[in-house]
Amino acid sequence: PTVYYPAAWHGIVALAPGFASVAAAANASTFVFGVVVWLLGMAALGRTLLGGDPRRTALVVVLGAGFSAFPVVILSTLAQWPFGAGIAVIPGVLALMVAALRGHPGVAPITAPGRLVPTGVVLLTALAGVALAHASALFSALLLLVPGVVALLARGLARRWRTGEPARRRRVAV
């Protein structure tokens with residue numbers, strides 16, 4: 001029978017070069033995921049949500065380091081390495097989603113014909129990566145992503161309703 005196993009962490013650690021033992025590679029992965037990946041994801045999320053001000057981004061990184069118990073305790077004390085790796089990548093995935101869905105000045109909106117499919121592929125690939133890390137991390141990511149997507153869709157539909165002609169309103173309502 002086919003079973004699911006969170007193989008991303010194991011694959012990354014098994015392929016990590018330069019370690020004499022599995023224990024050394026696992027310990028190094030604790031640092032990489034618990035510090036580097038977590039804080040880079042927090043920096044990306046802070047920059048995406050709060051704008052490009054470096055002081056705000058630095059503050060988010062400092063706060064992220066202060067609340068690093070999420071990946072660090074899971075990775076070190078509990079030794080739940082795949083789950084901890086999945087939790088560590090969630091801020092980066094959230095930053096990617098917010099940046100893709102929010103859009104930027106001079107960039108076509110997400111609903112533009114040439115942009116919807118590539119953005120969807122990128123977001124689904126990121127979620128697949130989280131799922132390969134751990135299914136519980138995927139659930140956590142979706143728990144954080146779905147309300148934002150629903151709000152974005154509701155806002156877009158409301159905007160179309162307000163600016164559309166009656167025939168278009170019927171299509172939106174259906």
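Let me sum up the structure you'll find in this document. It should be emphasised that the depicted structure is a prediction, and the values quoted were computed from it without experimental measurement.

**Describing helix 3 (residues 54–66)**
For helix 3, spanning 13 residues, the distance from its first C-alpha to its last is 18 Å, which sits close to the expected 18 Å at 1.5 Å a residue. Every buried residue of helix 3 is accounted for by T57, V60 and G64. Looking straight down helix 3, one finds that the buried residues subtend no more than 55° of arc, so they occupy a single side. In helix 3, the exposed positions that point more than 90 degrees away from the buried face belong to R55, L59, V62 and G66. On its buried side, helix 3 packs onto helix 2 (22–50).

**A look at the packing of aromatic side chains**
A complete count under the given rule lists one aromatic pair for this structure. Between W9 and W81, the aromatic rings sit 4.9 Å apart at their centres with planes inclined by 20°, giving stacked as the arrangement. Of this pair, W9 sits in helix 1 (residues 8–15) while W81 sits in helix 5 (residues 81–102), placing them 72 residues apart in sequence. Given a relative accessible area of 25%, W81 falls into the partly exposed group.

**Details of the side chain of T57**
Along the chain, T57 falls in helix 3. In this structure T57 comes out as buried when scored by relative accessible area, which is 13%. Setting aside anything within four residues of it in sequence, one finds T57 in contact with A43, G46, R47 and G51.

**Digging into the packing of helix 2 against helix 3**
Between helix 2 and helix 3, whose axes approach to 8 Å, the crossing angle comes to 140°. Considered as vectors, helix 2 and helix 3 are oriented oblique to each other. Between helix 2 and helix 3 lies a crossing whose hand is right-handed. Residue-level inspection shows W38, L39, M42, A43, G46, R47 and L50 of helix 2 in contact with helix 3, the latter providing R56, T57, V60, V61, G64 and A65. Partitioned by chemical class, the residues of the contact of helix 2 with helix 3 number eight nonpolar, three polar and two charged.

Definitions and limits used
- The residue count restarts for each chain, going from 1 along the sequence in the order it is written.
- The predicted nature of this model means local features are confined to residues of pLDDT at least 70 and side-chain atom pairs, given and counted, to a pLDDT of 80 or more, with totals for whole chains, interfaces and linings taken over all residues.
- Side-chain measures were taken over the full set of non-hydrogen atoms in the model, leaving aside hydrogen atoms and water.
- To qualify as a helix, a DSSP run of H or I must reach at least 4 residues; to qualify as a strand, a run of E must reach at least 2; elements of each kind are numbered from the N terminus.
- One less than the residue count of a helix, multiplied by 1.5 Å, gives the span that helix is expected to have.
- Note on exposure labels: buried denotes an accessible area under 20% of the residue type's maximum, exposed denotes more than 50%, and partly exposed covers the range between, all computed with a 1.4 Å probe on protein chains only.
- Each direction from the helix axis to a C-beta atom contributes to the arc, which is the arc of those directions.
- Note on contacts: a residue pair qualifies if any of its non-hydrogen atoms lie within 4.5 Å across the two residues.
- Only centres within 6.5 Å qualify two rings of Phe, Tyr or Trp (six-membered ring in Trp) as a pair; their planes then separate them into stacked at under 30 degrees, edge-to-face at over 60, and tilted for everything else.
- Axis lines are fitted through C-alpha atoms, for helices just across the contact stretch, and the angle between N-to-C directions can take any value from 0 to 180 degrees.
- Angles below 35 degrees are treated as roughly parallel, those above 145 as roughly antiparallel, those between 65 and 115 as roughly perpendicular, and all remaining angles as oblique.
- Note: crossing handedness is left-handed where the near helix turns anticlockwise from the far helix by less than a right angle, and right-handed where it turns clockwise.
- When residues are grouped by polarity, Ala, Val, Leu, Ile, Met, Phe, Trp, Tyr, Cys and Pro land in nonpolar, Asp, Glu, Lys and Arg in charged, and all others, Gly among them, in polar.

Keep in mind these values describe shape, not function.
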